[in-house]
Amino acid sequence: MSRRRFLKQASAVAGGAAAAALASTKSAAQELAAEPWEKIYGAAFTAYGERSRFEQPVIRHIFTPYGGIAPGSGAALSPIEALEGTLTPSGLHNIRNHSGTPEIDPARHQLVVHGLVERPLKFSIDALSAYPMVSRIHFLECSGNSSRAVTPKPAQVPAGAMHGNIACSEWTGIPVRVLLEEAGVKPEAKWILAEGADSAHMSRSVPMEKILDDAMIALYQNGERLRPEQGYPVRLLLPGWEGNMNVKWLRRLKATATPTYTKDETSKYTDLLPDGRAMQFTFEMGVKSVITKPSSTMTLPRQGLYEISGLAWSGAGRIRRVEVSTDGGATWRDAALTGDERPKAFVRFRLPWEWKGGEAVLASRATDERGRVQPTRAEWTSQYAPANTYHYNAIVTWAVGTDGKVTHVFA
Ligand SMILES: Nc1nc2c(c(=O)[nH]1)N[C@H]1C(S)=C(S)[C@@H](COP(=O)(O)O)O[C@H]1N2
Ligand SMILES: [Mo]
């Protein structure tokens, strides 16, 4: 669809359905009630901004599988069903923690670079802050995202409570390559072990090609220093690769000849296959999309024109296409991709839709620049053993009932 035609249809959605008509007998001044806030002097400046109190119900979906024993282990999912655009506000970024969020004093934190290097080095945060920096917008997705969809029955929860173990931010920091060059990495070094300073000392092995390609030592998130939950004061960012490898509270990079096979890459984050074997490493995240508006647990208030909108992303690079179906996948239409279509970042898709009051099944299907197409649930399931819940990227379907209620269904 041409952009102009899309915008025309989109304005029909807004103008035709949502607005209330002005009474012709009244002037605009009469229509606008004199509200209390127009009559009194507004609030003073705040030193650090907060949302409107009317928006404060928009919060993360928190999951603590070990309950009160380990209240900092589990995940807090981003409420993608309540957000717009393509950037996640820092306060609503998803959090996935194995051992809680450590409180790190940046004046004491050190990053050590050692192993197969000519000159082992130690960097303070002050030293890191002096390097030239780059800024990139990228999504970060836990490979356990959407694992709640790998159940016999479709869970009836908001979209973010199932698919929100993901966020997209602007990250600023230093290419890891720069620090390795300074340390003089040896040719036999093919892997980098990255280790966190949390009490889990979470650690993963990263192939050297990725490190030399686009890996970043991130110090800033959306313009300000990283939030503690995102790895303050420094994290590893591996654009498009599974969240777990993006080690937070980074304290050590060790150049090695082989993978280290840490507990975090052997006891977890392997994909069980139908024949009983497990895939050791699945680094790149798949091509994926989800309709956020309308989505599970919402209700369409009236018949008429709506905008179907959602998020698409791929670990391989750019999203090339998102198709939307309103009949459970029988027919598909191309949605408009809006905003900057950045590689390894959220892309928002939009499609005008008229709901005539009947049953409908909404679905979205993304294709990335490598030509990978988002699989159906049946296609995804056939690739793995039933116990596997990592790397779920199947098409998500929402049913709309004649009462306007939106529910999660398996198509
Ligand atoms: N040190 C450390 N790094 C970590 C983790 C952790 O528990 N400790 N969790 C990992 C997992 S499983 C994911 S999905 C991402 C989540 O990053 P976020 O919390 O900023 O969304 O961080 C990864 N890095
Ligand atoms: Mo994760």
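Residues numbered from 1 in each chain as written. Chains lettered and ligands numbered in written order. Predicted model: local features only at pLDDT ≥ 70, side-chain atom pairs only at ≥ 80, totals over all residues. Heavy atoms only, no water.

> What should I look at first to understand the overall build of the protein chain in this one?
Scanning the protein chain for helices and strands turns up 8 helices and 24 strands. At 23 Å, the protein chain has a C-alpha radius of gyration in line with the 22 Å of a compact globule built from 411 residues. Its C-alpha atoms put the protein chain at 80 × 65 × 45 Å along the principal axes. Intrachain contacts of the protein chain at a sequence separation of at least 6 include 71% that bridge at least 24 residues. Across the protein chain, 48 positive and 41 negative side-chain charges occur, with their mean positions spaced 1 Å apart. (Helix = DSSP H or I, 4+ residues; strand = E, 2+ residues; numbered from the N terminus. Rg over C-alpha atoms; globule rule 2.2 N^0.38 Å. Contact = heavy atoms within 4.5 Å. Lys, Arg positive; Asp, Glu negative; His and termini not counted. Charge placed at Lys NZ, Arg CZ, Asp CG, Glu CD.)

> How should the side chain of serine 296 be read in this particular structure?
Tracing the sequence through the fold places serine 296 in the loop between β16 (287-293) and β17 (304-314). Owing to a relative accessible area of 1%, serine 296 belongs among the buried residues under this scheme. At a separation of 2.8 Å, a polar atom in the side chain of serine 296 contacts the main-chain carbonyl oxygen of valine 157. Setting aside residues up to four positions removed in sequence, serine 296 forms contacts with Ala155, Gln156, Val157, Pro158, Ala159, Trp398, Val406 and His408. (Buried < 20%, exposed > 50% of the residue type's maximum accessible area, 1.4 Å probe, protein only. Polar contact = N/O pair within 3.5 Å; in protein donor to acceptor, adjacent residues only side chain to side chain.)

> Hey, could you run me through the packing of aromatic side chains in this one?
Two numbers describe a pair of aromatic rings. These are the distance of the centres and the angle of the planes. Scanning the model with the defined rule gives 12 aromatic pairs in all. Ring geometry for tyrosine 261 and phenylalanine 281: centres 6.2 Å apart, planes at 10°, overall stacked. Placement of the pair is tyrosine 261 in the loop between β13 (250-256) and α7 (263-266) and phenylalanine 281 in the loop between β15 (278-279) and β16, with a sequence separation of 20 residues. A residue is classified by how much of its surface remains accessible, and phenylalanine 281, at 21% relative accessible area, is partly exposed. A network of ring pairs unites the aromatic residues Trp191, Trp241, Tyr261, Phe281 and Phe283 as a single cluster. In this structure, arginine 365 packs its charged tip against the face of tryptophan 332, placed 4.2 Å from the ring centre. Sitting over the face of the ring of phenylalanine 410, arginine 377 holds its NZ or CZ atom 3.4 Å from the ring centroid. (Phe/Tyr/Trp six-rings, centres within 6.5 Å; stacked < 30°, edge-to-face > 60°. Lys NZ or Arg CZ within 6 Å of the ring centre and 35° of its normal.)

> I tried to follow the sheet that holds strand β19 (residues 333-334) on my own but got confused; where do I start?
Strand pairing in a sheet relies on backbone hydrogen bonds, with the paired strands running either antiparallel or parallel. Spatial strand order, β19-β18-β22-β23-β24: 5 strands in an open sheet with antiparallel pairing. Unpaired on one side and paired on the other, β19 and β24 (406-409) mark the two borders of the sheet. By the bridge criterion, 2 bridges tie strand β18 (residues 319-325) to β19 in an arrangement that is antiparallel. Considered in β19, the bridge of glutamate 323 is made with aspartate 334. (Pairing = 2+ DSSP bridges.)

> It is not clear to me how the pairing of strand β21 (residues 347-355) should be interpreted in this structure. Could you clarify?
Put simply, side chains in a regular strand alternate between the two faces of the sheet. Most of β21 sits out of view: 8 of its 9 residues are buried. Bridging between strand β20 (residues 336-338) and β21 involves 3 bridges; their strand directions are antiparallel. Among the inter-strand pairings, threonine 338 is bridged to a residue of β21, identified as arginine 348.

> Which parts of the structure should I look at to understand helix α5 (residues 176-183)?
In an α-helix, one turn spans 3.6 residues, which is why side chains three or four residues apart end up on the same side. By the burial criterion, the buried members of α5 are Val176, Leu179, Leu180 and Ala183. What you see down the axis of α5 is that its buried residues fit within an arc of 100°, all on one side. Once α5 ends, the next one or two residues include glycine 184, with phi positive near 70°. (Arc of directions from axis to C-beta.)

> Sorry if this is basic, but what is going on with the nonpolar core here?
Side chains of nonpolar character tend, in soluble globular proteins, to be buried together. Grouped together as the largest cluster of nonpolar side chains are 35 residues, with contacts concentrated most on Ile319, Phe349, Trp353 and Val400. Each of domain 1 (110-279) and domain 2 (288-409) accounts for three or more of the residues forming this core. Not counting chain neighbours up to four residues away, the residues in contact with tryptophan 353 comprise Leu300, Gly304, Leu305, Tyr306, Ile308, Thr326, Arg333, Ala360, Leu362 and Val400. (Core = buried A, V, L, I, M, F, W, Y, C linked by side-chain atoms within 4.5 Å. Domains from an automatic or database assignment.)

> It is not clear to me how the site of ligand 1 should be interpreted in this structure. Could you clarify?
Every one of the 21 residues lining ligand 1 counts as a neighbour, but Asn94, His98, Asp198, Arg235 and Lys248 are closest to it. Between aspartate 198 and ligand 1, the recorded distance is 2.7 Å, taken from a side-chain N or O atom to a nitrogen atom. In the complex, 100% of the free accessible area of ligand 1, which totals 540 Å², lies under the protein chains. Grouping the amino acids of the shell around ligand 1 by side-chain chemistry returns 7 nonpolar, 9 polar and 5 charged. (Near = heavy atom within 4 Å. Areas by Shrake-Rupley, 256 points an atom, 1.4 Å probe, with all protein chains shown as cover. Nonpolar A, V, L, I, M, F, W, Y, C, P; charged D, E, K, R; others polar.)

> Before we go on, may I ask you to explain the domain arrangement of the protein chain in this structure?
Interface size, as often reported, equals the accessible area lost upon joining of the parts. Parsing the protein chain into structural domains produces domain 1 (110-279) and domain 2 (288-409). Here domain 1 and domain 2 have C-alpha centroids that lie 28 Å from each other. At the interface, 35 residues of domain 1 touch 30 residues of domain 2. Overall, the association of domain 1 and domain 2 removes approximately 2,700 Å² of surface from exposure, summing both partners, and the carbon and sulfur fraction of that is 61%. At the surface where domain 1 touches domain 2, the tally comes to 2 salt bridges. In this structure, the salt-bridge partner of lysine 288 is glutamate 141, at a minimum N-O distance of 2.8 Å. On inspection of domain 1 and its partner domain 2, the count reaches 16 residue pairs in polar contact (both at pLDDT 80 or more). (Buried area = accessible area lost by both parts, 1.4 Å probe. Salt bridge = Lys/Arg side-chain N within 4 Å of Asp/Glu carboxyl O.)

> Would you take a moment to explain the environment of proline 352 for this structure?
Position of proline 352 relative to the elements: it lies in strand β21. The class of proline 352 is buried, set by a relative accessible area of 6%. Note: C-alpha distance between proline 352 and isoleucine 308 (44 residues apart in sequence) is 6.1 Å.

> Please explain the pattern of salt bridges as it appears in this structure.
Oppositely charged side chains can pair when the atoms bearing their charge come close. Under the definition given, this model contains 22 salt bridges. Ionic pairing is found between glutamate 284 and arginine 370, a salt bridge with its closest N-O pair at 3.0 Å. Here glutamate 284 is found in the loop between β15 and β16, whereas its partner arginine 370 is found in the loop between β22 (360-368) and α8 (377-382), with 86 residues between them in sequence. Between aspartate 368 and arginine 372 there is a salt bridge, with the nearest N and O atoms lying 2.9 Å from each other. For aspartate 368, a relative accessible area of 0% translates into the label buried. Because the salt bridges share partners, they merge into one network encompassing Glu84, Lys293, Glu307, Arg348 and Arg350.

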